[in-house]
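Descriptive analysis of the structure
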Amino acid sequence: MLPTAPRLGGLLWKMPWRMSATRKANQRDRLKRVDDVIETVRASGITCHALDKALLMPKENEMPAKDKYTIFNAHSRGYRKGMHKVPKFTRITHRVNPRGF
């Protein structure tokens, strides 16, 4: 049999250890679009528990770069890992991290 990447112990899907400038720009745009939706729903006068929770979170322009592109992870060295390594990171909000991290 021919040696393939999985058979040789290599990863089939390569994941870069840092986010590229394009991925960071897309992440910032995604956060801004979510902020716009939250503001639109707030302006419409609708009230609900999910909206109250969303209004407590920081907006994209209030977040430091560390929180935009990384997330707290108790198992990683330095307790942070790249946002792009989280499954479904485009659908789940990770705006709030534990205090001190």
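Presented here is an overview of the structure given in this document. (Residues numbered from 1 in each chain as written. Predicted model: local features only at pLDDT ≥ 70, side-chain atom pairs only at ≥ 80, totals over all residues. Heavy atoms only, no water.)

A surface patch of nonpolar side chains, amounting to about 240 Å² of accessible area, comprises V37, V41 and I46. Looking at the element boundaries, I46 is found in the loop between α1 (21–44) and α2 (49–56). (Patch = residues over 30% accessible without salt bridge, like charges linked within 9 Å, V, L, I, M, F, W, Y side chains within 5 Å. Areas by Shrake-Rupley, 256 points an atom, 1.4 Å probe, with all protein chains shown as cover. Salt bridge = Lys/Arg side-chain N within 4 Å of Asp/Glu carboxyl O. Helix = DSSP H or I, 4+ residues; strand = E, 2+ residues; numbered from the N terminus.)

Counting across every chain of the model gives five salt bridges. Across the salt bridge formed by R95 and D35, the nearest N and O atoms sit 2.7 Å from each other. With a gap of 60 residues between them, R95 in the segment after β2 (80–82) and D35 in helix α1 connect regions that are remote in the sequence. Judged by relative accessible area, which is 7%, R95 ranks as buried. (Buried < 20%, exposed > 50% of the residue type's maximum accessible area, 1.4 Å probe, protein only.)

The next thing to look at is the packing of aromatic side chains. All told, the structure shown has three aromatic pairs when counted by the stated rule. Pairing F72 with F101 gives two aromatic rings, centres 4.9 Å apart and planes at 55 degrees, and the pair type is tilted. One end of the pair, F72, is in strand β1 (residues 70–72); the other, F101, is in the segment after β2, with 29 residues separating them in the sequence. Given a relative accessible area of 27%, F72 falls into the partly exposed group. Residue classification places F101 among the partly exposed residues on the basis of a relative accessible area of 34%. Every member of this aromatic cluster is reached through a ring pair, and the members are F72, Y79 and F101. The positively charged end of K24 is found above the aromatic ring belonging to Y69, 5.1 Å away from the centroid. (Phe/Tyr/Trp six-rings, centres within 6.5 Å; stacked < 30°, edge-to-face > 60°. Lys NZ or Arg CZ within 6 Å of the ring centre and 35° of its normal.)

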